[in-house]
Amino acid sequence: MRYEGVIYRPPSEAGSLLIQATIGCPHNQCTFCAIYKRTKFRIRPVEEIKEDLLAARNYYGEGVRSIFFPDGNTIAMKTDDLCRVLDYARELFPYVERITVYGSARFIVRKTPLEMRRLREAGLNRIHVGMESGDDTILAEIRKGATAEEMVAAGLMVKEAGMELSEYVLMGIGGPGRSREHALASAEVLNAIDPHFIRIRTFIPRPGSPLFEKCRRGEFQLVSPHGILNEIKLMIENLKVNSQVFSDHVSNYWDISGKLPEERELMLQEINMALGIPEALLEKARHGGI
């Protein structure tokens, strides 16, 4: 198996076989992201990907249960090519239960409903989508490459094709000035989609990203720990979904997870408890100090 650069995958794919199908990200303009800034996007040849799948089968055996195909936007592959990869993966690993990719709304909406169904039939059954925000002002500012309307359209396409959908929300990405708009607009978009999973992340400036430089120059203010918690609280209060919420990332100040709507009050109680902790302690805990 061959890997190029640093491989990133969602925490939920920690136990998955990782086979690199694409290199980098075809959009690669998000101002908060520093992951692929020095990598030129390319799609690996299908035969090369299949060679790596065979190498993995020879090494791990046929008992692999989940496969994730990095890099940042593998859904951008031609549908025929991705289907060939998926078919071969299922042939080599007859017990596989889940095959997943990253896919942004910008590239999902370029597929037709028929193409999405073909991918599902070939074995793709979960897509991780970085929504980040439902606020068009913020989406334009961070150069996400998609509008809230496109986020909804893409999410519904994934669900209508019969795939599971993980939507990622980046708390604090609008700064203190748009915290309320971010929370409410994100809830509105998520309500329109009703994804299977909502995964909470907290914005941390990453060296090498344009937004890091804005923070360094004082042009972008970070939301405080309590501000982040209140942002999450406002979003959860306004969510009308049947989704599992996860705070499965080290960037978050507090684990606020649960099933909506059943566990909403428990989640809000958890947030209120966290709001009673001094912000300095929340920062220290996030960095592993306690």
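Report on the accompanying structure. Keep in mind that this is a model prediction, so the values were computed, not measured.

Let us look at the packing of aromatic side chains. Evaluated as defined, the whole model comprises five aromatic pairs. Aromatic pair Tyr8 and Tyr36: ring centres 6.3 Å apart, planes at 80°, arrangement edge-to-face. Of the two residues, Tyr8 sits in the segment before strand E1 (17-18) while Tyr36 sits in the loop between strand E2 (22-23) and strand E3 (42-43), which places them 28 residues apart along the sequence. Centroid distance Phe197 to Phe246: 6.2 Å. Interplanar angle 35°. Geometry classified as tilted. Residue Phe197 is found in strand E8 (residues 197-202), and its partner Phe246 is found in strand E9 (residues 244-246); the two are separated by 49 residues along the sequence. Judged by relative accessible area, Phe197 falls into the buried class, the value being 13%. Take Phe246: its relative accessible area is 26%, and that puts it in the partly exposed class. Stacked on the ring of Tyr88, the Lys or Arg Lys50 has its end atom at 4.8 Å from the ring centre.

Time to look at a nonpolar patch on the surface. Nonpolar side chains collect at one region of the surface, where Met1, Tyr3, Tyr59 and Tyr60 lie side by side and expose about 490 Å² of accessible area between them. As for its position among the elements, Tyr59 is in helix H1 (residues 46-60). Tyr59 gets classed as exposed once you look at its relative accessible area, which sits at 65%.

Further remarks concern the environment of Leu124. Inspection of the secondary structure puts Leu124 in the loop between helix H4 (113-122) and strand E6 (126-132). Separated by 27 residues in the primary sequence, Leu124 and Glu97 place their C-alpha atoms 9.9 Å from one another.

Right, let's talk about the sheet that holds E6 for a bit. Reading across from one edge, E1-E4-E5-E6-E7-E8-E9-E10 is the order of the eight strands in this open sheet, with mixed pairing throughout. The open sheet is flanked by E1 and strand E10 (258-259), the only strands paired with a single partner. Across two bridges, E1 lies against strand E4 (residues 66-69) in parallel orientation. Residue pairing across strands places Leu17 opposite Ile67, the latter belonging to E4.

Moving on, we come to the side chain of Ser186. With respect to the helices, strands and loops of the structure, Ser186 is situated in helix H7 (residues 179-193). The class for Ser186 is buried, based on a relative accessible area of 0%. One polar contact links the side chain of Ser186 to the main-chain amide nitrogen of Gly134, over a distance of 3.1 Å.

Before going further, it helps to examine the pairing of strand E7 (residues 164-171). For a regular strand, the rule is simple: side chains alternate between the two faces of the sheet. Judged by how many residues are buried, E7 sits mostly within the fold: seven of eight residues are covered. With six bridges connecting them, E6 and E7 associate as parallel partners. Its bridge partner being in E7, Gly130 is matched across the sheet by Tyr168. The pairing of E7 with E8 spans six bridges and is parallel. Following the sheet pairing, Leu170 is matched in E8 by Arg201. Assessed by its sense of winding, the connection that carries the chain from E7 through H7 to E8 is right-handed.

Counted under the stated rule, the structure contains 21 salt bridges. Arg84 is the partner of Glu47 in a salt bridge, and the nearest nitrogen-oxygen pair spans 3.2 Å. Taken together, the residues span a long stretch of sequence, with Glu47 in helix H1 and Arg84 in helix H2 (residues 79-92) at a distance of 37 residues. Looking at Glu47, the relative accessible area reads 44%, which means it is partly exposed.

Parameters and conventions
- Residues numbered from 1 in each chain as written.
- Predicted model: local features only at pLDDT ≥ 70, side-chain atom pairs only at ≥ 80, totals over all residues.
- Heavy atoms only, no water.
- Phe/Tyr/Trp six-rings, centres within 6.5 Å; stacked < 30°, edge-to-face > 60°.
- Helix = DSSP H or I, 4+ residues; strand = E, 2+ residues; numbered from the N terminus.
- Buried < 20%, exposed > 50% of the residue type's maximum accessible area, 1.4 Å probe, protein only.
- Lys NZ or Arg CZ within 6 Å of the ring centre and 35° of its normal.
- Patch = residues over 30% accessible without salt bridge, like charges linked within 9 Å, V, L, I, M, F, W, Y side chains within 5 Å.
- Areas by Shrake-Rupley, 256 points an atom, 1.4 Å probe, with all protein chains shown as cover.
- Salt bridge = Lys/Arg side-chain N within 4 Å of Asp/Glu carboxyl O.
- Pairing = 2+ DSSP bridges.
- Polar contact = N/O pair within 3.5 Å; in protein donor to acceptor, adjacent residues only side chain to side chain.
- Right-handed = clockwise from strand over helix to strand, strands pointing away.

Scope: geometric values only; no functional claims are made or implied.
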